Each structure stands twice: as C-alpha cells, then as structure tokens.
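Given next are the chains, with one letter for each unit.
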Amino acid sequence: MKLVTPNISWQENGHPFSEDYKDIYFSAEDPIGESEHVFLRGNLLPERWQQLDRDQFTLAELGFGSGLNFLLACKLWNESPTKGQRLHYIAFEKHPLQLDQMQKLHALWPELQPFSEQFITQYADQGSGCHRFLLSDAIILDLHFGDAKDRLNQLEQRAGIDAWFLDGFNPKRNHAIWGSNILQQIARLSHAGTTLSTYSVAGTLRRNLNQIGFTVKKIQGFGRKRHMLQASYEQTDIQNQPLSDAWNKVPYFTLPSTQKNIAIIGAGLSGCSLAYSLSRRGVKTKIYEVANTIAAGASGIPLFSLRPRLFQANSAIAEYYLHSFLFSSKMLQSLTRFGELTWYQCGVVQLQSALNKKSPLKTLSLTALYPDSVLRNLTDYSRTKLRSIADIETALFFPQGGFVSPASLCAAYCTLSKVAVHLNTAVATLVQKEIKVGSPNIYKEHNGWQLRGDNGDLIDTVDAVIFANSQNISQFEQLRELPIESVSGQVTRFAGTAESNNIDHIITGERTLFPSTDHELVSHLVAASYRNFDGLTPNDSFSDFDNEENFKAIQKSLTNKSLLHNDILQSQAAIRSSTPDRVPLVGAVPNINIIKNRYGGLKRNANRKFDNLYTDQNYWPGLYISAAHGSNGLATCGYSAEILASLICGEQLPIGQETLDALNPIRFAIRDLKKQIS
Ligand SMILES: Cc1cc2nc3c(=O)[nH]c(=O)nc-3n(C[C@H](O)[C@H](O)[C@H](O)COP(=O)(O)OP(=O)(O)OC[C@H]3O[C@@H](n4cnc5c(N)ncnc54)[C@H](O)[C@@H]3O)c2cc1C
Ligand SMILES: C[S@@+](CC[C@H](N)C(=O)[O-])C[C@H]1O[C@@H](n2cnc3c(N)ncnc32)[C@H](O)[C@@H]1O
C-alpha cells in the first residue's frame, strides 16, 4: 500500500529530474507545447472531440508524473462541444509525486489553474491502488498508483480505451514500462480505431506495436525532436483470455445513458449515493422508499464516523476498504466545500480495544503498511492532550477520519442528483416485462421490470432496478438465496462536562465517542451496541439495557471516569445488514437456479473450468444490488455506488477484477457448490 516516493532533484528552470531513472519529466523548452503536440494532437483529440457521438471517451496514460497531460486534456475537453458527455481519464504511476512537489509544478502553469485546483484539493494520498477523482465537466480521473504492469492486468476490456498516451521515461532508462508485457495489455484493452501516441520512435517499440496489431506512423516531432509515433489499432477479431472464472463475467447494460430508466429501492446511504453517481452519468433514476422520509433505516442514526477498515496485509479486499475510505473522504470534503453539508474532519483516534479481538492486528505492521496520510501514530502533542482522557499508549490515528450526519449526506445526494424520491412506497415484488425502446420503425425490445406493491398494484415499469434496501433484500424472489445477516445497534447521547468539551477527535474503543458539536450544551453521542436481530422487535425500538451497556463500555476506554454523565439525552436503534464474509453485495444479481445447474460440476471438482459462453444468462437482466454494508456504510456505500454506476454504464471500474469478484453476490452460490452444499 505504501509506495516508494520518487527521488527527484530540481533543475534551474524549476522542472523535476528523476535521479532514479536519470531522465527529465518533460521538455525543458515548452512542456505545454510538446504535450499538446505529442499527446493531444498525436491522438487527433481536437477533431475527435468536435464530433464525439458517444456518451463517453476513455483515455489512458502510462506515466502520470505531474499530470500535465491530464490537465491539458481537461482544458481541451472543456473547450470542446462535449456537454452531457463524459471524459474518463485513466492514468498509471509507479512513483507518485508528493503533494508539495505536485503543487510546485502546477504553479508553473497558471493557465491550467482551474483544473489543477480541482485536482490538487483532492490529492492527499500516495497509497497503492486506484484513486478515483470526480471533477467538473463530467471528468473522472482514475489514478492507479503502482506498477502499470500489475494494474493493467486487472482491468476488464469492457468498452475499451479510445486513446493511449505513452509517456514513460526514455525506453533506454525505463525498459519495463515499454515492455511487451505492458504492450500486450494495451492491445487487449484497445478496440478497432483506438489510437496511441508517444514521443519515442525507438525501433523495438515500433516493431512491437506492429506485432500486437497497431498500424504505426512516424510523424513530425515537437521542437528539436524530428519524429514521434502515432498509431492506430486495427484488429477486430481478438479472443482475449478471460481475467476470471466464467461465472464472474458480469454483463453490462448497453442502452445509452440518457435512455436508461432505473428504479432504486431504498433511500438510505446506498440508494441515495447510487442516484448521485448515476446522475453524473446522465442516467435518470427514481427512488422508491417504504418510509415517509429518506434515511429512515440505519442511515438515520444521527452521526456516522468515517474510518478505514484495516487489514494486516494488502489484498483485493484491503484495497477496496482503503479506497472506499479515501473516496468518501474526498466526497465529503467536496460536498462541504460546495456548502451541501457539514463534514467534521476531526480525525479518529483508534484505541487498541477497537481492533479485531479474534486475530489482533499488530499496530507496528499496520503503520508500516498504510500510508501516513491514512494512518499514523499520535503526535506527542495529541498524546499529552489525550492522556488524561483515554488509554492511548498503542492508539492509532486516522487524520482524514471524521463524522457527518448521514441523513444530511443522503439529502445532499438527492438534491444534487435531482432524483425523484417516492416515499411511503413499499416495493413488494418484481415481474419481468419486455420493454420497447426507440421509435416505431426501429423498436428494440429488451427485458425490463415491473415494480409491484403489496396488493400486486403496478408502481412503475423500468429498464433496470437496483436493490439498496439493506436487510430487506430477501423479500424479493430474485434475491432470496443471497445470504444476509441482521445485527441491531443502538447509539446513546450522554451529557458531557467542561472537560469533555475539549475532546476534538473521535475516540474509538469498544464504543465510539463523538466530540460535542454544541459547546454550550455539551453532549456526546456514543455508538454503538451490537445485538443479533431476532426479527421480532421493530427496527427502531431501543432498549435501556443497550444504553446502560453503551455507558459501561465507553467508560472502560476512558481514564477519566467523570468525563461523561450517565444522563441520557437521546437514543436510537437501527439494523445493520451484513454477509457471512463481512464484505458487501455489490454487482449484478445472479440467477441462482441457472448457476446451480450450469456449474453443478463444481460439486465433483471444485477446480473445474467452464467456458465463457452465454454467461449473460447467469445474471437477471437489469437487476443490480448494493447492500450489506455492515458497520462501514459511510465509507463503502458511496464508493460502491461509483463502482456500480461504472459497471452499469460499461465504463472501466475503479477496482480490479479480483476486487469485483470479491464483491460479486454470486460468490456465495459458487462457494456452496464447491463445498457441496446444495
Ligand atoms: C447503530 C449503528 C451505528 C452505525 N454507525 C456507523 C458509523 O459510525 N459509520 C459507518 O460507516 N457506518 C455505521 N453504521 C452502518 C451504516 O448504518 C450502514 O452501513 C448504512 O447506513 C447502510 O445504508 P443502506 O442504505 O444500505 O441501508 P439503510 O440506511 O438501512 O437503507 C435501506 C432503506 O431501504 C428501505 N426499504 C427497505 N425495504 C424496502 C422496500 N421493500 N421498498 C422500499 N424501501 C425499502 C428502508 O426503509 C431504508 O430506508 C451504523 C449502523 C448502526 C445500526
Ligand atoms: C516522463 S515521466 C511522465 C511525465 C508526465 N506525463 C507529466 O506530465 O509529468 C514518466 C513517469 O512514468 C512513471 N513510471 C516509470 N515506470 C513506471 C511503471 N512501471 N508504471 C507506472 N509508472 C511508471 C515515472 O514515475 C514517471 O512519473
């Protein structure tokens, strides 16, 4: 997760020089002129973007460096008639620059300041994995930190890459980034008409590009460079090796964004963030909510804390949780900047007692694994301040953590997405229905869905449905076999004291103590009890017993036992939903009967391979889910919404195939077949 920072020296002209690769980042004379010539015009972007007739354009860059090419692409996109269309810029960088280095460089290009500012305010972290940035003008930046070779391997072809910028260091000094390994991935992710450009005209590169299906031309270079390469991909009949098992091939929805009509069931954090992510892609959604208000379920708890779920070693799932946290932290900051809500980025202190007791996490190796911007030891200053409050000897600190009212976050998502929210509407069943789209002469039929209420009355007919109704998913026939567990939890607000008024971080032990937001009437929310939900008591009924438990448990973490009064000012209960492996259900909804029949052979041989034919039938057409967010919904709902929106729109995802498989709801049916549980 932590990456090696680049070893840079600064030249007289203020440009960086890589001491690791002994090379410059860009032209000494005219970096902007060179970048526009080699990469933007080299890929014919000015002409292509004048007449773009698709929802999205996907660009990929090898060697992000300072992001100059990215900023220039944003500027050109903004100047082109691309309103309502999306630019998806995917970049790879092995040695990310530090924030101060990035700022120093961007100051050289005042004309790019509007784009730089949006990027820099979100650029805080240098951990490995894909950092997704949302910018204005419908620009998405996926910044993959790590070796391009390893990151490219994990991307599915999907709609493919439309243009490539190859901007590694000189091939003589940085062979790996031009190697055949990487070029093969480039070919795999390209489609007929994909272009590529680079400043290098090395003979081996030209030959290798030719070999993998590119037609390569030497054209005039920039400035003193005589030539550069321009290439276009011509192959159409490539049979790519699948990245995963046949059952993990998730179909995507081929209607153009503006024609998609999607219903979301549930107006909690999951449903509202989905409406927001889809609206950024021009997709119309409607939310159906059984309660008389949004955020009526678990997302109605008064405050949520944002902190990352930690893992002892890097893995696809560890990366998902880290990037859920980072994405949500950026989202909350940006919504606050635009006045949509109040996000308190106060930092979270995590005490030893909060760490998983079954297999204790070792704090030393955690601080070695996670980047400092995510997790660090407390400073001496904080230690001195907190010592009189809690036992902080082995505590960890998350500086980007904080808290927010989830209901106000749901409201912000609904306002920004302009989604139509239908309250007091319980969706009871879904019935498959053929839908015609297009005009009378060219109707196309596809499978849609009727939403029906308790009495069978028709609520709506839509192209697709997303289930965001948490523990209630099992009420639907199509989801009945997905395992979902319910755990109820309760928060209690206790009266504080003059001393507790000084607490300015969240403190998490067996319970979580939130700082007081009112400095006159000091009070602290304490979260939360855990109780297996028996399904008998109503969702929101709270108990005195849990209030008592909350008080006792928080007192255990506090060294000063008179910091809080046992005066209960508020208590509220709700249900968290989760899965047996504690990872949410995010993806297309599998058709379990088909899965059981088609992959029944796994019962005899768990390693059996299956062909990739007709895999679309493994999933119900147009049914998707984002649920079972457990105790981490503030981090995972928004990020999962982005993943699902990308999946539905056929975009490249911010996660690799391995992570997608680990979130895929199909995993439980496959696991059962392999374990011979029918
Ligand atoms: C006490 C407690 C404290 C927590 N603290 C934190 C925290 O500090 N940080 C954190 O990250 N997470 C926390 N969580 C977890 C967090 O609440 C969840 O992960 C998150 O709210 C899940 O959001 P959701 O949208 O999936 O579910 P919900 O918010 O429960 O939304 C589901 C919605 O679906 C609606 N619905 C259900 N069935 C239907 C139907 N048939 N038709 C129409 N609508 C329907 C429900 O009314 C509900 O509004 C806490 C949870 C609890 C219980
Ligand atoms: C010439 S610089 C890129 C300049 C950049 N486009 C800019 O505008 O600043 C080359 C970049 O490639 C990165 N790089 C080198 N090897 C890499 C690899 N294997 N994977 C990803 N990035 C790599 C370097 O760290 C460096 O930032």
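The model shown is predicted, which means the values in this text are computed figures rather than measured ones.

1. Observations regarding the packing of helix H9 (residues 269-279) against helix H16 (residues 633-648)
Then step 1. Remark: H9 packs on H16, axes separated minimally by 8 Å, with the N-to-C direction vectors making an angle of 40°. By the angle between their axes, H9 is oblique relative to H16. Judged by the twist between their axes, the crossing of H9 over H16 is right-handed. Where H9 abuts H16, its residues Leu269, Ser270, Ser273, Leu274, Ser277 and Leu278 lie against Gly633, Leu634, Cys637, Gly638, Ala641, Glu642, Leu644, Ala645 and Ile648.
Then step 2. Looking at the contact of H9 with H16, its residues break down into nine nonpolar, five polar and one charged.

2. Comments concerning helix H10 (residues 316-337)
Then step 1. In a regular helix each residue adds 1.5 Å, so 22 residues correspond to 32 Å; H10 covers 31 Å between its end C-alpha atoms and thus fits that length.
Then step 2. In terms of burial, H10 is largely enclosed, as 19 of its 22 residues are buried.
Then step 3. Looking one or two residues beyond H10, the residue adopting positive phi is Gly339, at roughly 75°.

3. Focus on the site of ligand 2
Then step 1. Close contacts around ligand 2 come from 22 residues, with Glu61, Gly63, Ser66, Glu93 and Asp167 the closest.
Then step 2. Residue Glu93 places a side-chain N or O atom 2.5 Å away from an oxygen atom belonging to ligand 2.
Then step 3. Contact distances for ligand 2 include 3.4 Å between a nitrogen atom and a side-chain N or O atom of Asn174.
Then step 4. Protein contacts shield 98% of the accessible area of ligand 2, which totals 600 Å² for the unbound molecule.
Then step 5. When contributions to the shell around ligand 2 are tallied by element, the ones reaching two or more residues are helix H3 (68-79) and strand E5 (86-93).
Then step 6. Across the shell around ligand 2, the residue classes break down as nine nonpolar, eight polar and five charged.

4. Digging into the UniProt feature "domain: MnmC-like methyltransferase" (unreviewed entry) in the chain
Then step 1. Residues annotated by UniProt as "domain: MnmC-like methyltransferase" (unreviewed entry) correspond here to residues 110-233.
Then step 2. The span residues 110-233 is 25% helix and 35% strand, and its two end C-alpha atoms sit 36 Å from each other.

5. Here's the deal with the pairing of strand E13 (residues 284-288)
Then step 1. Buried residues dominate E13, accounting for four of its five residues.
Then step 2. Pairing of strand E12 (residues 261-265) with E13, which is carried by five bridges, proceeds in the parallel orientation. When the sheet's bridge partners are listed, Ile265 is paired in E13 with Tyr288.
Then step 3. The sheet contact formed by E13 and strand E19 (residues 420-422) spans three bridges and is parallel. For Tyr288, the partnering residue across the bridge sits in E19 and is His422.

6. Some words on the site of ligand 1
Then step 1. Residues in close proximity to ligand 1 total 38 residues, the closest being Glu289, Ser299, Phe304, Ser305 and Leu634.
Then step 2. Within the contact set of ligand 1, a nitrogen atom lies 2.9 Å away from a backbone nitrogen or oxygen of Val427.
Then step 3. Contact distances for ligand 1 include 3.2 Å between an oxygen atom and a backbone N or O atom of Gly633.
Then step 4. Taken by itself ligand 1 offers 1,000 Å² of open surface, and the protein chains cover 95% of this.
Then step 5. Of all elements in the fold, only H9, strand E14 (304-306), strand E24 (485-495), strand E29 (568-578) and H16 reach the threshold of two or more residues within the shell around ligand 1.
Then step 6. Here the shell around ligand 1 is composed, by residue class, of 17 nonpolar, 18 polar and three charged.
Then step 7. Both domain 2 (246-298 + 408-484 + 581-674) and domain 3 (348-399 + 485-578) contribute no fewer than three residues apiece to the shell around ligand 1.

7. A few points about the pattern of salt bridges
Then step 1. Counted according to the given criterion, the structure contains 28 salt bridges.
Then step 2. When the shortest N-O distance is used, the salt bridge between Glu510 and Lys556 registers 3.0 Å. Pair noted here: Glu510 is in the loop between strand E25 (506-508) and strand E26 (512-513) and Lys556 is in helix H14 (residues 544-557), with a separation of 46 residues, a long-range link.
Then step 3. Classification of Glu510 as partly exposed rests on a relative accessible area of 33%.
Then step 4. Ionic contacts of the salt-bridge type, sharing partners, join the residues Arg86, Arg132, Asp142, Arg281, Glu642 and Glu651 into one network.

What counts as what
- Residues numbered from 1 in each chain as written.
- Chains lettered and ligands numbered in written order.
- Predicted model: local features only at pLDDT ≥ 70, side-chain atom pairs only at ≥ 80, totals over all residues.
- Heavy atoms only, no water.
- Axes fitted to C-alpha atoms, helices over the stretch in contact; angles between N-to-C directions.
- Helix = DSSP H or I, 4+ residues; strand = E, 2+ residues; numbered from the N terminus.
- Parallel < 35°, antiparallel > 145°, perpendicular 65-115°, else oblique.
- Left-handed = near helix turned anticlockwise from the far one by under 90°.
- Contact = heavy atoms within 4.5 Å.
- Nonpolar A, V, L, I, M, F, W, Y, C, P; charged D, E, K, R; others polar.
- Expected span 1.5 Å × (residues − 1).
- Buried < 20%, exposed > 50% of the residue type's maximum accessible area, 1.4 Å probe, protein only.
- Near = heavy atom within 4 Å.
- Polar contact = N/O pair within 3.5 Å; in protein donor to acceptor, adjacent residues only side chain to side chain.
- Areas by Shrake-Rupley, 256 points an atom, 1.4 Å probe, with all protein chains shown as cover.
- UniProt positions renumbered as here; feature names shortened; annotations may be inferred.
- Pairing = 2+ DSSP bridges.
- Domains from an automatic or database assignment.
- Salt bridge = Lys/Arg side-chain N within 4 Å of Asp/Glu carboxyl O.

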